Amino acid sequence: MRAVSIKHARTVAAALALVSLGACSSGEPASAAGTDSSAPAKAGDFPSMHVVQTVVMLADGQPQEQVEYQKALAVCQKSGLPTRALGADEVTKVGQRRVETWLSGGQEARHTEQWQQTLTSPCQFKLVHEDKLDISHADGSSWTLDMAEHKGQKQNNGAPTAPTPLDSSDGKLDDAARQGGFTTPGKDAVGGQSCQIWQSSSGDQACVWDGGRQWGFSADGRALAGSDGRPGSDDVVVLWTKPAKGTGWQLKTDEMSVGASTGDAPFKVPANVAVDTTQ
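Residues numbered from 1 in each chain as written. Predicted model: local features only at pLDDT ≥ 70, side-chain atom pairs only at ≥ 80, totals over all residues. Heavy atoms only, no water.

Caption draft 1: Geometry of the confidence of the model for the protein. Looking at the protein, the pLDDT average stands at 83 and 82% of residues meet or exceed 70. Considering only residues more than four positions removed or in separate chains, one finds that residues 1-41, a stretch of pLDDT under 50, has 195 contacts. (pLDDT = per-residue confidence, 0-100. Contact = heavy atoms within 4.5 Å.)

This is the structure we're talking about:
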């Protein structure tokens, strides 16, 4: 599952996916200068980016899966059956998806973790942790890694195509969007990064980064309001989503920086992972 989508056409990877309220960042707002250029951007022109996001399904303003767990636990405790409850720190993770993404010089890495509760036997609750890492390099090499199982696969999809900068008309509310019931009620800022708010006819909102047009990142969010921040394409960065009436996907950006060095470590396959290169 992906959140804030930073997976872009120039890379081969995963929601987000991407890109909250109260977020912090060492980066300055990205400049939108030069967005009217028709020349395609080069991999080296892209700024380094680092984004950390959290996604959860809400029901009436509360994390849905955590509420369902508490109800199931209460039933077990009343039944008198031997019960193994989750620890307090485990309960806060139930139903969460955490996505951390790095971009630098045509490389991308996306680390996706999610936590679900399950039953090993009646009233014996267990927290299941899924841990995935996707890495792609500018030459087309990519790795899909299961960090929990310490194994993965490598493949080559060919060098990605550099995107074309978008002009200032991108992300504007046009007649088609209006007819679809969308509005753009204003702007917000997350970690120093500006975003355009898109609202659907049902009241769901998504705030889409509008500082990356020169690198091919669109500020058009009509497909995102009401979703968990995963666009149909990979050229949109979502900074937050808010479900109408507190029911639906909530995405928050916990950290976002643009322009600060990421270093090389995020783009290296961990030494404790066995990689199958036969494909």
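That shown, we press on.
Caption draft 2: How the structure looks around the pairing of strand β7 (residues 151-156). Sheet topology note: the strand β6 (residues 141-146)/β7 ladder contains six bridges and is antiparallel. Looking at β7, one finds that W143 is bridged to K154. Sheet analysis places β7 next to strand β13 (residues 274-276), joined by three bridges and oriented parallel. In the sheet register, K151 faces β13, and the bridge partner there is A274. (Pairing = 2+ DSSP bridges. Helix = DSSP H or I, 4+ residues; strand = E, 2+ residues; numbered from the N terminus.)

Caption draft 3: Expanded view of helix α1 (residues 64-79). Between its first and last C-alpha atoms α1 spans 23 Å; for 16 residues at 1.5 Å apiece the expected length is 22 Å, and the two agree. Where α1 is buried, its residues meet β2 (62-63), α2 (88-91), β4 (107-121) and β5 (124-136). G80, located one to two residues past α1, shows a positive phi value of around 85°. (Expected span 1.5 Å × (residues − 1).)

Caption draft 4: Fine view of the state of the cysteines. In total, this model carries two disulfides according to the counting rule given. The disulfide bridge from C76 ends at C123, spanning 2.1 Å between sulfur atoms. Given an S-S torsion of about -90°, the disulfide between C76 and C123 has left-handed geometry. Here the residue C76 occupies a position in helix α1, and C123 occupies one in the loop between β4 and β5, the gap between them amounting to 47 residues. A residue is classified by how much of its surface remains accessible, and C76, at 8% relative accessible area, is buried. Residue classification places C123 among the buried positions, given a relative accessible area of 6%. Across the disulfide, C195 is cross-linked to C207 (sulfur-sulfur distance 2.0 Å). Sign of the S-S torsion, about 90° for the bond between C195 and C207, identifies this disulfide as right-handed. (Disulfide = S-S within 2.5 Å. Buried < 20%, exposed > 50% of the residue type's maximum accessible area, 1.4 Å probe, protein only.)

Caption draft 5: Just the nonpolar core, in detail. One finds M49, W209, F217, V237, L239, W240 and M256 to be the most contacted residues of the largest nonpolar core, which totals 16 residues. Contributing elements (two or more residues each) for this core: β1 (49-59), β9 (193-199), β10 (205-209), β11 (238-242) and β12 (248-258). Core analysis: the second largest hydrophobic core is formed by ten residues, L73, C76, C123 and F125 among them. (Core = buried A, V, L, I, M, F, W, Y, C linked by side-chain atoms within 4.5 Å.)

Caption draft 6: Summary view of unusual backbone geometry. The backbone phi angle of D60 is positive, close to 55°, even though this residue is not glycine. Position of D60 relative to the elements: it lies in the loop between β1 and β2.

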